[in-house]
Amino acid sequence: MTSQHHRSSIRRLLLVAFPLALSLVMLFPQTSMAHAILLRSDPAQDSTINAAPSQVRMWFTESLNPAFTTASVLAGGTLRVDTNHSHVSSTDQTELDVPLQAGLKTAVYVVIWRTRSAADGHVLSGSFLFTLALPGDPVPTFGSVHLDPKLLQGGSVPGQLDGPTLFTLVMTTLAELGVVFWMGAQLWRNFVHQPETEQQEQTTIRKREEQRFERYFSLPVLGMMFLANAGILLGQAYSVTNGQWDRVFDPAVLTQLVSSGEFGTYWLMRQGVIILAMVVAAYTLWSRHRSDVINQALHWINLLLGLALLIAMTLSGHAGAVPGSISIYSLLGDWLHLLAASLWVGGMMYIAAIYLPVLKQNAKVEQTRSLLATLPRYSPLAYTGVAIMALSGPLNASVHFTSLDQLVTTDYGLSLTAKVLFVAAMLLTSGIHVWRFRPQLAKDYRQYQPMSESSTATAQEVKQLEGKIVRQTNRLTSVLRWEPMLGIAVLVCTGLMSVFAGTLVPTSPNQVPLLQQITSPSSVIPPFNTTVKTTDGKFQVKLTISPNRLGLNTFTVTVMDPNGQVNTNVGVSLYIGVFGMDLGVQTLNLQPDGQGNFVAHTGIAEGGRWAIRVQIRTPDNTLHEINIQEFIRV
C-alpha cells in the first residue's frame, strides 16, 4: 500500500513539475507576428520608377494559401492593369506575384492585396502605391488617384459587432470551453482519483462520478466540440469569400480550406482526434464489466487524446503562424495556456458538473469526509494552472503593450483588463475556500470525529458540532458550485481577445457609421493635425493626415527646431499600427516634397484607432522619437 501511494505521489509531482518547468521558457524574449503581413515589395511602396515593370512582387511574413490569396493593380485607382493571374510563387511560399499588362503609362498605381495565411488561416488585406514616370512625362501627383474605399475592404477589416463576427466568437469559445472541460475531466480522473489508496466510500463515489461523466457529458461535449470546429470552418469560408453567404457552404470552397495550408491540416487533426475520442467514449459508455486494467488504459488513452487536441488547437491558432526560431516559444506558450486553463478552470468545471452532484447523494458528514480527502489532491493541479498563468500572463502583456494606459484605452486592453479582473475574482474565491473555509471545516471535523465515537460527549454536543459542520460544508460546496462561472467568463474574454478585440471600437455620441464616413467623408471627419515635440525636446514635429478616413491617405510631416525653423536635413520614418489588432506595424519612409515637408501615401482599410511613432534621424545618425498618443479614428 505504501509503495502504491508513493507511485501516486510521484505521478502528481511530475504533473506539477513538468508544465512549470516548460513555462520557464516563457521568460525568453519572443515576438509574435500572427497573420501574413506585408514585409516589402518590388516596386517598393511609395517609390517612383522610370521604367514600366512587368510584374509586382510582394513578400509576407508567413507562407500564403494559394487558393485564397489574390492581388490587383489599378492605374489611378480606377483602371485595372494586371492580367488577373496573381499567384503565390512556386519557389517561395511567402511571395505573391502579380503579372502586369504591357504598355503601362505614366500614372500613380495602387496595389491591393488580400492574403490568407497558410499557417493560421487568417485573412488580411492591404494596399500601397508606387509611381511610374516615363522619361519626358511629368511626375503624376497623389491627387490624381480616385479610389473607391470599398475596394480596400475585405479580410480582416472588421469594425462592427456583426452577425458573422459574433458567430465566430461563439464557435471559438465553445470549442475552447469544450476542450478545457473535457481535458480537465481527464486530468481529474488520472491524477486526483487514487483507486489504489481509497476506502470503500470513496470508491463508490468515484464510480458514480465516472458513470455520470460517461453517461451525460463525454459524448455530448465531444459532439459540441466537433460542431463548434465545423462552425469555425464556416467562419473561415465566410471570410475567404468576402461575405458571400451563398458560397459559404460551397463544397469546393470548404474542400480547398481543409486541403490547402497548415490551418486545414491541423483543423482536420482536431476533428480526427475528436472522432477518435468519441469512439472511445462510445465504447466506454456501452461496454460492460470491464476490468480495472482496461479502465485505467481507457483513462490514459483519453488523456493522450486530450493532449493531442491541445496541440492541434495550438498549431491551428496564432502561435502556429510565428516564423523563425521563436516559433517553439510561441507554440509552447499557447499550449501551456490551454493546459493551465484545463488544470484550473477545467478542474473547477468538473467539480461543479460531476463531483458535487454525485457527492450530494451522500449524507452531509460523508460529504465532508470526501471533500477533505479529495480537494487536497486536486489543489496541486489548480496551483500549477495558476502558476503557469502568472508566469505567462505578464510576458504576453509586455509583448503587446508599450504603456499601461493601453489597458484602458485600447480594445484589446479592455478585453485583457476584464480577463484579469475575472482571474483575480477567481483567485480571491479560491483563496477564501482554500485558506479559510477548508481549514476551518477540517479543524471542526477533526474535533467531531473522536467526539462522535466517545461515550463521554453528550448527544447535544455532538449534534451542535455536526450542525456546524453541515453549515460549513454547504458553504464550501456553494462556492465550489459557482466558482467555475468566473472561469467561463475568463475563457469568453480570451475569445474576445483572439477573435475581434481590436474591432470593438467604443461608440460615442459623435461617432458616425462607417457607411456615412465613406459616402460623405468631408462632412464627418476633418484631416488629422497635431504638433508635438520629440522626447528629447530637440525637434518639433507637425503631422497631418489627409483625408483621415478609410482609403488612401497622405501623411505629411514638417520638422522644426526649437526656434520654429524648418529643418529638411533629416530623415523621417513613421511606424503605424492599430491598437487592439495583431496586424503588425507598417513602416513609412517619408520623402521630401521640395516644400519643407516629408510625405508618404498609404491605404487605410481597417476602421479603428491608430497610433503613430515618428522617428527623426539626423546626419550624425542620432534618433529622435515621439509617440503620437492621440487616437486617429478612421
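Further up the page is the structure itself.
Conventions and cut-offs
- The numbering scheme is per chain: residues are counted from 1 as the chain's sequence reads.
- The predicted nature of this model means local features are confined to residues of pLDDT at least 70 and side-chain atom pairs, given and counted, to a pLDDT of 80 or more, with totals for whole chains, interfaces and linings taken over all residues.
- Processing note: side-chain calculations cover all non-hydrogen atoms of the structure and skip hydrogens and water entirely.
- A run of H or I in DSSP counts as a helix once it spans at least four residues, and a run of E counts as a strand once it spans at least two, with each numbered from the N terminus.
- The buried label goes to any residue with under 20% of its type's maximum accessible area, the exposed label to any with over 50%, and the partly exposed label to all in between, with areas taken from a 1.4 Å probe on protein chains only.
- Residues count as neighbours in contact if any of their non-hydrogen atoms are within 4.5 Å of one another.
- Every accessible area reported is derived by Shrake-Rupley at a probe size of 1.4 Å, with residue values counting cover from the shown protein chains alone.
- Strand pairing requires that DSSP identify at least two bridges connecting the strands.
- Residues belong to a common nonpolar core when they are buried Ala, Val, Leu, Ile, Met, Phe, Trp, Tyr or Cys residues joined through side-chain atoms within 4.5 Å.
- Two aromatic rings, drawn from Phe, Tyr or Trp (for Trp, its six-membered ring), form a pair once their centres lie within 6.5 Å of each other, and the interplanar angle then sorts them: stacked below 30 degrees, edge-to-face above 60, tilted otherwise.
- Either the NZ atom of lysine or the CZ atom of arginine qualifies as a charge over a ring when it sits within 6 Å of the ring centre and within 35 degrees of the ring normal.

Quick word on the overall build of the protein chain
Next, step 1: If you tally the helices and strands in the protein chain, you get 13 helices and 18 strands.
Next, step 2: In the protein chain, which comprises 634 residues, the proportion classed as buried is 52%.
Next, step 3: In the protein chain, the share of contacts with a sequence separation of at least 24, taken over all contacts with a separation of at least 6, comes to 72%.
Next, step 4: Taken as a whole, the protein chain presents about 28800 Å² of accessible surface, with 60% of it coming from carbon and sulfur.

Regarding the side chain of Thr69
Next, step 1: Mapped onto the secondary structure, Thr69 falls in the loop between β3 (55-60) and β4 (70-75).
Next, step 2: In this structure, Thr69 is in contact with Leu64, Ser86, Val88, Leu96, Arg114, Thr115 and Arg116, ignoring residues within four places of it in sequence.

What to know about the sheet that holds β3
Next, step 1: The antiparallel open sheet is built from four strands, whose spatial order is β1-β3-β7-β6. Here the strands that pair on one side only, and so sit at the sheet edges, are β1 (38-42) and β6 (87-88).

Section: the nonpolar core
Next, step 1: Core analysis: the largest hydrophobic core is formed by 72 residues, its most contacted members being Ile351 and Tyr378.
Next, step 2: Listing elements by their share of this core, those giving two or more residues are α2 (163-191), α3 (200-240), α6 (261-286), α7 (292-315), α8 (327-359), α9 (364-400), α11 (411-453) and α12 (459-499).
Next, step 3: The leading source of residues in this core is α8, at 20 residues.
Next, step 4: The contact partners of Ile351, leaving out residues within four places of it in the chain, are Trp188, Leu356, Pro357, Leu375, Tyr378 and Leu480.

Quick look at the packing of aromatic side chains
Next, step 1: One pass over the full model with this rule turns up ten aromatic pairs.
Next, step 2: A ring pair is formed by Phe60 and Trp113, whose centres lie 5.1 Å apart and whose planes are at 75°; its orientation type is edge-to-face. Taken together, the residues span a long stretch of sequence, with Phe60 in strand β3 and Trp113 in strand β8 (residues 107-116) at a distance of 53 residues.
Next, step 3: For Phe60, a relative accessible area of 2% translates into the label buried.
Next, step 4: Members of the aromatic cluster, connected to one another through ring pairs, are Phe181, Trp188, Phe213, Phe217, Tyr350, Tyr355 and Tyr378.
Next, step 5: Between the NZ or CZ atom of Arg40 and the centre of the ring of Trp59, over which it lies, the distance is 4.1 Å.
Next, step 6: Directly above the ring of Phe437 sits Arg475, whose terminal nitrogen or CZ lies 4.0 Å from the centroid.

Description of the environment of Glu201
Next, step 1: Tracing the backbone through its elements, the reader meets Glu201 in helix α3.
Next, step 2: As a C-alpha pair, Glu201 and Glu366 span 165 residues in sequence and 8.3 Å in three-dimensional space.
Next, step 3: With residues near it in sequence (within four places) discarded, Glu201 still touches Glu366 and Arg369.

Observations concerning the pairing of β8
Regular strands show a simple pattern: their side chains alternate between the two faces of the sheet.
Next, step 1: The buried fraction of β8 amounts to ten of the ten residues, a majority that puts the element mostly inside the structure.
Next, step 2: Burial of β8 is two-sided: the residues Ala107, Tyr109, Val111, Trp113 and Thr115 facing one way and the residues Val108, Val110, Ile112, Arg114 and Arg116 facing the other way are all buried.
Next, step 3: In the sheet, β4 pairs with β8 via six bridges, with the strands oriented antiparallel. By the bridge assignment for β8, Val73 is matched with Val111.

Here's the deal with the pairing of β3
Next, step 1: As defined by bridge partners, β1 adjoins β3 across four bridges and the pair is classed as antiparallel. Across the sheet, the residue bridging to Arg40 is Trp59, located in β3.
Next, step 2: Alignment of β3 against strand β7 (residues 95-99), held across five bridges, turns out to be antiparallel. Each bridged residue has a counterpart across the sheet, and for Gln55 the counterpart in β7 is Pro99.

Spatial relationships are all this shows, so hold off on functional conclusions.
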